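# Structural features, examined
Each chain, letter by letter, is given below.
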Amino acid sequence: MKKRNITQLMYLISVLLSIPILHSCGSQPKDSNQELIIFHAGSLSVPFKEVIIEFNKIYPEVKILTEAAGSRDCARKITDLKKACDVMASADYTVIDQLLIPDFAKWNIRFASNEMVIAYNGNNQELSQIDSSNWHEILLNDEIRFGRSEPNADPCGYRTVLLAKLAEKHYNIPGFAEKVLAKDHRFIRPKETDLIALIETNTIDYFFIYRSVAEQHGLKYIQLPDAINLKSPQFAIQYASATVDLSGKEPGSFITKSGEPMVYGITIPSNAPHEVLAIKFVDFLLSNKGMAIMEKNGQPSLVPAFSDSFTNIPESLKKYARNN
């Protein structure tokens, strides 16, 4: 082989090796169309991995590519970066309503719930002194380091802000929210699951997280009163008394987010490149088998739940939602 040909071959190999790829789950496709691109909240990583394994038992020819990020960041990939996406699953259904519908998606199915907790590394006995009655005092200690996620990127981040404001009223501690949210900014991360490594390396002592994620990763955690943990529909009116301003659809615009019970949402973007496969995946996820996996991983099913975009839901998926 001529030297020039060898050089060209080596160059081609280097280019191919440098091409970035999404995280892949499942078997290799039989053809280029047997592919599915899923953007999902970081808190869905563990259950979705299991769902994908079961889905591939039925459709082994489908290659599934996943990207986990804060739900608002997932939406921005679709709206701002124009990235191809077949399924978008958010830790907060309102992200889909506010950032994707009507221009980038037509419908939204609410499918699971969760709750906020404070997690820590159980290997440190001293940290175990925290409980639902003293956590607000402990986190304000200058020697204690805690983490949270970025509100404009991740629902867990703005839910932490809402929780702090609700806690100020619940415990009757004037100024608490401002003080606690002004602390430890160096430990704010794009999504809640990014904080797990900081806990495991003892970089931080505590962090605000979903109960499901704490359980999935074997972390110790304290449960918070239903009046502030954004779990219970019974406290919906009280949750709504807390608000936070988030970045809107357009640069410089804002959305005021009110507290409400935690609800996950899922949709298929209007320009999904593999819509037929996307419908099959959402159908499987919302079926009894798929939701059993969600339940096992600490995210209770809400199927079927009300959808104010019910008429736009594909016919085969309407059984997983209600219009009243």
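In case you missed it, the structure is sitting above this.
Residue numbering note: each chain is counted from 1, following its sequence as written. pLDDT decides what is reported in this predicted model: residues at 70 or higher carry local features, side-chain atom pairs at 80 or more are listed and counted, and totals for whole chains, interfaces and linings draw on all residues regardless. To obtain the side-chain values, all non-hydrogen atoms of the structure were used and water was disregarded.

### Observations concerning the overall build of the chain
Which entries qualify depends on this criterion: Elements are defined by DSSP. Helices are runs of H or I of four residues or more, strands are runs of E of two residues or more, and each kind is numbered from the N terminus. For every residue, the accessible area obtained with a 1.4 Å probe (protein chains only) is divided by the maximum for its type, and the residue is called buried under 20%, exposed over 50%, and partly exposed between those limits. Any two residues having at least one pair of non-hydrogen atoms within 4.5 Å are treated as being in contact. Note on areas: these come from Shrake-Rupley sampling with a 1.4 Å probe, and a residue is covered only by the protein chains present in the view.
Secondary structure summary: the chain contains twelve helices and 15 strands in total. Within the chain, the fraction of its 324 residues that count as buried is 52%. Considering only contacts in the chain between residues 6 or more positions apart, those separated by 24 or more positions represent 74%. As displayed, the chain has an accessible area near 15,100 Å², and 53% of this comes from carbon and sulfur atoms.

### Details of unusual backbone geometry
Going from Ile 101 to Pro 102, the amide bond is cis rather than trans, its omega being 10°. For Pro 102, the location among the structural elements is in the loop between helix H4 (93-100) and strand S5 (109-112). Omega for the peptide link from Val 303 to Pro 304 comes to -5°, which places this bond in the cis form. On the secondary structure map, Pro 304 appears in the loop between helix H12 (288-296) and strand S14 (305-306). Of note in the backbone geometry, Lys 82 takes a positive phi value of approximately 60° without being a glycine. Considering the arrangement of structural elements, one finds Lys 82 in the loop between helix H3 (71-79) and strand S4 (87-90).

### Regarding the state of the cysteines
To keep it simple, the criterion reads: By disulfide we mean two sulfur atoms from cysteines, separated by a distance within 2.5 Å.
Across all of its chains, the model carries zero disulfides by this definition. Counting only cysteine sulfurs, Cys 85 is the nearest neighbor of Cys 74, a cysteine outside any disulfide, at a range of 7.7 Å. Owing to a relative accessible area of 0%, Cys 74 belongs among the buried residues under this scheme.

### Section: helix H2 (residues 45-58)
To keep it simple, the criterion reads: In this analysis, the expected span of each helix is defined as 1.5 Å times one less than the number of residues it contains.
With 14 residues, H2 ought to run about 20 Å at 1.5 Å a step, and its terminal C-alpha atoms sit 20 Å apart, in line with that. Within H2 the residues assigned to the buried category are Pro 47, Phe 48, Val 51, Ile 52, Glu 54, Phe 55 and Asn 56.

### Brief notes about the nonpolar core
Inclusion rule: Take the buried residues of types Ala, Val, Leu, Ile, Met, Phe, Trp, Tyr and Cys, join any two whose side-chain atoms come within 4.5 Å, and each joined set is a nonpolar core.
If you look at the biggest cluster of nonpolar residues, it comprises 101 residues, and the most contacted ones within it are Met 88, Phe 111, Trp 135, Tyr 206 and Phe 281. Beyond its immediate sequence surroundings of up to four residues, Phe 111 is in contact with Leu 44, Tyr 264, Gly 265, Ile 266, Leu 285, Leu 286, Met 291, Met 294, Pro 300, Ser 301, Leu 302 and Val 303.

### Notes on the environment of Gln 216
Here is the rule: Two N or O atoms count as a polar contact when they lie within 3.5 Å, although within protein this holds only if one can serve as hydrogen donor and the other as acceptor, and sequence-adjacent residues are included solely when both atoms are side-chain atoms.
Along the chain, Gln 216 turns up in helix H9 (residues 211-216). Gln 216 gets classed as partly exposed once you look at its relative accessible area, which sits at 22%. Within polar-contact distance, the side chain of Gln 216 engages the backbone oxygen of Asn 297 at 2.8 Å.

### Quick notes on the packing of H3 against H4
The line we're drawing: Only C-alpha atoms enter the line fits that serve as axes; for helices the fit covers just the stretch in contact. Angles between N-to-C directions range over 0 to 180 degrees. Note that the term roughly parallel is reserved for angles under 35 degrees, roughly antiparallel for angles over 145, roughly perpendicular for angles of 65 to 115, and oblique for everything else. Two helices crossing with the near one rotated counterclockwise from the far one by less than a right angle form a left-handed crossing, whereas a clockwise rotation gives a right-handed crossing. By the convention adopted, Pro, Cys, Tyr, Trp, Phe, Met, Ile, Leu, Val and Ala count as nonpolar, Lys, Arg, Asp and Glu as charged, and the other residues, Gly among them, as polar.
For the pair H3 and H4, interaxial distance at closest approach is 10 Å and the crossing angle is 30°. Here H3 is positioned roughly parallel relative to H4, judged by the angle of their axes. When you trace H3 past H4, the crossing you get is right-handed. Counted together, Ser 71, Arg 72, Ala 75, Arg 76, Ile 78 and Thr 79 of H3 and Val 95, Leu 99 and Leu 100 of H4 form the full contact between these two elements. Partitioned by chemical class, the residues of the contact of H3 with H4 number five nonpolar, two polar and two charged.

### Brief notes about the packing of H2 against helix H11 (residues 275-286)
Look at H2 against H11: their axes get within 10 Å of each other, and the N-to-C directions meet at 115°. The hand of the H2/H11 crossing is right-handed. Here H2 contributes Phe 48, Val 51, Ile 52, Glu 54, Phe 55 and Ile 58 to the contact with H11, which in turn contributes Lys 280, Phe 281, Phe 284 and Leu 285. Among the residues forming the contact of H2 with H11, the class breakdown is eight nonpolar, no polar and two charged.

### Here's the deal with the packing of aromatic side chains
Definition in use: The pairing test for Phe, Tyr and Trp rings, Trp by its six-membered ring, is centres within 6.5 Å, and the orientation test on the planes gives stacked under 30 degrees, edge-to-face over 60, and tilted for anything in between.
Across all of its chains, the model carries twelve aromatic pairs by this definition. Between Phe 55 and Phe 281, the aromatic rings sit 5.4 Å apart at their centres with planes inclined by 75°, giving edge-to-face as the arrangement. Here Phe 55, found in helix H2, pairs with Phe 281, found in helix H11; they are 226 residues apart in sequence, far enough to count as distant. Its relative accessible area of 0% is what places Phe 281 among the buried residues. Measuring from centroid to centroid gives 5.8 Å for Tyr 120 and Tyr 206, while their planes differ by 70°, and the two rings are edge-to-face. Of this pair, Tyr 120 sits in strand S6 (residues 116-120) while Tyr 206 sits in strand S9 (residues 206-210), placing them 86 residues apart in sequence. Assessed through its relative accessible area of 7%, Tyr 120 is described here as buried. Looking at Tyr 206, the relative accessible area reads 2%, which means it is buried.

### A few points about the pairing of strand S3 (residues 63-69)
For the record, the criterion: Note: two strands are recorded as paired if DSSP finds a minimum of 2 bridges between them.
Most of S3 is tucked away: six of the seven residues are buried. Both strand S2 (residues 35-41) and S3 contribute to a ladder of seven bridges, which runs parallel. Opposite Phe 39, over in S3, you have Glu 67 as the bridge partner.

### Some details on the sheet that holds S6
Read across the sheet, five strands follow the order S8-S7-S9-S6-S10 without closing on themselves; strand pairing throughout is mixed. Each end of this open sheet is capped by a strand with a single partner; those strands are strand S8 (188-189) and strand S10 (220-223). Sheet topology note: the S6/S9 ladder contains five bridges and is antiparallel. What sits directly across from Ala 119, in S9, is Phe 207. Strands in contact with helix H6 (residues 155-170) are S6, strand S7 (146-149) and S9; relative to S9, the strand with the most contacts, it is inclined by about 110°.

Read these as spatial facts, not as claims about activity.
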